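Structural characterization, general
Chain by chain, the residues:
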Amino acid sequence: MPGLEDLYREIILDHYRTPRNRGELAVPPARHAEGHNPLCGDEITVFLDVAEQNGVDVISDVKIAGQGCSISQSSASMMSAAVKGKSVREVRALVRKFKGMMSIDTGEDDPEVDVLLGDLEALQGVVKFPVRIKCATLAWNTLIEALDNPVPSDT
Ligand code: ZN
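In short, a report on the structure. (Residues numbered from 1 in each chain as written. Predicted model: local features only at pLDDT ≥ 70, side-chain atom pairs only at ≥ 80, totals over all residues. Heavy atoms only, no water.)

1. Some details on the coordination of the zinc ion
For the zinc ion, the full set of protein donor atoms is Cys40 (SG), Asp42 (OD), Asp42 (OD), Cys69 (SG) and Cys135 (SG), at a range of 2.1 to 2.8 Å. Counting residues between consecutive donors of the zinc ion along the chain gives the motif C-x1-D-x26-C-x65-C. Separated by 95 residues along the polypeptide, Cys40 in the loop between strand E1 (31–37) and strand E2 (42–53) and Cys135 in helix H4 (residues 130–148) bring together distant segments of the chain. We classify Cys135 as buried; its relative accessible area is 1%. (Donors = N, O, S within 2.8 Å, 3.2 Å for Na, K, Ca; no water. Helix = DSSP H or I, 4+ residues; strand = E, 2+ residues; numbered from the N terminus. Buried < 20%, exposed > 50% of the residue type's maximum accessible area, 1.4 Å probe, protein only.)

Take a look at the structure:
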């Protein structure tokens, strides 16, 4: 019977070979940010459409561009699948939880938002390799940057 580590390796490889939500969104109306990890050469651009649904800001679409090692690219693919359709508040809570799994202290939790890591737990083995933590967190830091960036104007 395959162990948990094999299952995790399969999930990571699957996202690397068949990345979800690859592409770009038109800016504007999308917001975007670029992230680099010079230690490994990873590059990721995150595009986000944020739309109000029932009074809540929701990530209505997400696209990922860029290139790099298998950890950075599969983490970006898993991130895109995990945040699509979630509220901005849930997404920020998920980023804190993911970085917590990577042993990065992000301060206060949001006690009113409960999010599950699900498949993202496949990346928890990365924490044993400090140099790869930057690969795994690149997409997540870039996601927060894109969220915090003002939507570019047409002019
Ligand atoms: Zn890398």
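2. Observations regarding the pattern of salt bridges
A full pass over the atoms with the stated rule returns 4 salt bridges. Two residues, Asp14 and Arg20, come together in a salt bridge whose shortest N-O distance is 2.7 Å. A residue is classified by how much of its surface remains accessible, and Asp14, at 33% relative accessible area, is partly exposed. Assessed through its relative accessible area of 28%, Arg20 is described here as partly exposed. (Salt bridge = Lys/Arg side-chain N within 4 Å of Asp/Glu carboxyl O.)

3. Some words on the pairing of E2
Relative to E2, E1 runs antiparallel, the two sharing 7 bridges. Bridging from a neighbouring strand, Glu34 pairs with Thr45 of E2. Between E1 and E2, which pair antiparallel one after the other, the connecting turn spans 4 residues, and Gly41 there sits at a positive phi close to 85 degrees. Bridge count for E2 against strand E3 (residues 56–67) is 11 bridges, and the pairing is antiparallel. By the bridge assignment for E3, Thr45 is matched with Ala65. Turn length for the E2-E3 hairpin, with the two strands adjacent in sequence and antiparallel, is 2 residues, and the turn residue Asn54 shows positive phi of about 55 degrees. (Pairing = 2+ DSSP bridges.)

4. Quick look at the environment of Asp119
By secondary structure assignment, the location of Asp119 is in the loop between helix H3 (88–101) and H4. When the C-alpha atoms of Asp119 and Leu48 are compared, they prove to be 21 Å apart, with 71 residues separating the residues in sequence. The residues touching Asp119, leaving out its near neighbours within four places in the chain, are Ile11 and Met78. (Contact = heavy atoms within 4.5 Å.)

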